[in-house]
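What the coordinates show
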Amino acid sequence: MPLYPETEPYDHGLLEVGDGNRVYWETCGNPHGKPAVVLHGGPGSGCSPYPRRLFDPALYRVVLLDQRGAGRSTPRASAHDTDMSVNTTAHLIADLELLRRHLGIERWLVWGVSWGSVLGLRYAQTHPERVSELVLTGVATGSDAETALLTRGLGQFFPEAFERFWAGVPEDERDGNLAAAYNRLLESPDPAVRERAARAWTDWETAIIPAPPRSVERYENAEFRRGFARTVTHYWGNGHFLGEGPHEGVVLRDAPQLKGIPGTLVQGSLDFGNLLGIVWRLHHAWPGSELVVVDDVGHTTGAPTIAEALVAATDKYARG
């Protein structure tokens with residue numbers, strides 16, 4: 001696999017971002033290198049060491065963070081008394097700006113996976129002067145159509161798993177927004193209701209990878225499971241907090257605003273998001289973007305061919 005060697009952070013901390021939240025961050029690589037920030041998926045997954053290896057540590061100053069409520073940031077979404085009303089896309093974008101200034105960075109490359117690509121795109125559209133390049137994979141734009149596909153549309157491909165998922169919400173809510181319905185369960189005062197909902201949600205997530213239910217190790221951690229499911233449904237059930245827009249969503253609508261920002265989109269040919277043509281539409285609406293389609297790979301960063309394409313992109317922008 002064409003990854004750079006494992007590297008440890010040379011600095012880290014917790015940044016006070018307001019609303020009682022503290023965001024965990026770390027930096028690795030060359031303190032004087034090209035700045036890059038890594039945006040994890042979910043929402044709510046938290047950052048992991050793996051993306052560090054996608055950047056040349058001699059050339060990059062890589063910043064990783066746990067978004068509000070996730071990972072080592074506090075308070076955690078897994079705690080029922082955590083206020084999720086102050087965890088929105090606008091809050092996360094403001095946190096990125098606070099962190100950038102805290103670290104003394106003028107502009108940085110933005111790397112994002114899945115939900116991180118939605119956040120990275122919206123950040124670049126609202127703060128284009130702060131983004132030198134974008135490298136995105138498992139590309140999504142946060143539209144209602146994408147949420148509907150992942151929560152209902154894929155049921156035709158995984159009917160048995162979908163039947164269990166669909167039956168996990170009250171009967172009178174099964175024809176509506178399933179993410180919002182699950183979020184209401186995950187906000188229940190009854191911990192048993194919350195736990196059943198978190199398990200049902202993560203079972204569906206693993207079914208559409210596809211993988212057998214409960215095969216993903218992180219979902220066996222009850223605290224992670226609660227926080228992840230609560231955060232994902234909070235965002236998916238509220239239009240990703242992207243505001244009003246046309247049917248395809250505000251990120252696609254505003255894609256022309258990315259003109260002048262170089263970007264590479266690395267997408268597996270078997271990613272279910274491709275069923276809506278999102279990544280192709282984004283590529284064609286974003287002047288100067290590059291689309292790299294990797295054959296026979298789904299929604300993952302772990303495949304060697306995906307890693308190879310991502311490293312090629314970061315290497316290219318390091319030279320630029």
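First, a word on scope: everything that follows refers to the structure included in this document. (Residues numbered from 1 in each chain as written. Predicted model: local features only at pLDDT ≥ 70, side-chain atom pairs only at ≥ 80, totals over all residues. Heavy atoms only, no water.)

Taking strand neighbours across the sheet as the criterion, the 8 strands line up as S1-S2-S4-S3-S5-S6-S7-S8 in an open arrangement whose pairing is mixed. Each of the sheet's edge strands pairs with one partner strand only, and the pair in question is strand S1 (11-18) and strand S8 (289-294). Shown here is a sheet whose adjacent strand axes are inclined to one another by a mean of 20°, direction ignored. In the sheet, strand S3 (residues 34-39) pairs with strand S4 (residues 60-65) via 5 bridges, with the strands oriented parallel. Bridging from a neighbouring strand, Ala36 pairs with Val62 of S4. Sitting on the sheet, helix H9 (residues 278-285) is in contact with strand S7 (263-268) and S8, with an inclination near 155° to S8. Against the sheet, helix H10 (residues 304-319) contacts S3, S4, strand S5 (108-113), strand S6 (131-137), S7 and S8, and its axis sits at roughly 175° relative to S7. (Pairing = 2+ DSSP bridges. Helix = DSSP H or I, 4+ residues; strand = E, 2+ residues; numbered from the N terminus. Axes fitted to C-alpha atoms, helices over the stretch in contact; angles between N-to-C directions. Contact = heavy atoms within 4.5 Å.)

Attention shifts here to the pattern of salt bridges. Applying the stated rule across the entire model yields 21 salt bridges. For Glu187, the salt bridge is made with Arg230, and the minimal N-O distance between the two is 2.8 Å. Pair noted here: Glu187 is in the loop between helix H5 (178-186) and helix H6 (191-207) and Arg230 is in helix H7 (residues 222-236), with a separation of 43 residues, a long-range link. Judged by its relative accessible area of 28%, Glu187 is partly exposed. Linking Glu195 and Arg225 is a salt bridge whose minimum nitrogen-to-oxygen distance equals 2.5 Å. Of the two residues, Glu195 is situated in helix H6 and Arg225 in helix H7; the sequence distance between them amounts to 30 residues. One network of salt bridges, with partners in common, ties together Glu8, Glu26, Arg52, Asp66 and Arg72. (Salt bridge = Lys/Arg side-chain N within 4 Å of Asp/Glu carboxyl O. Buried < 20%, exposed > 50% of the residue type's maximum accessible area, 1.4 Å probe, protein only.)

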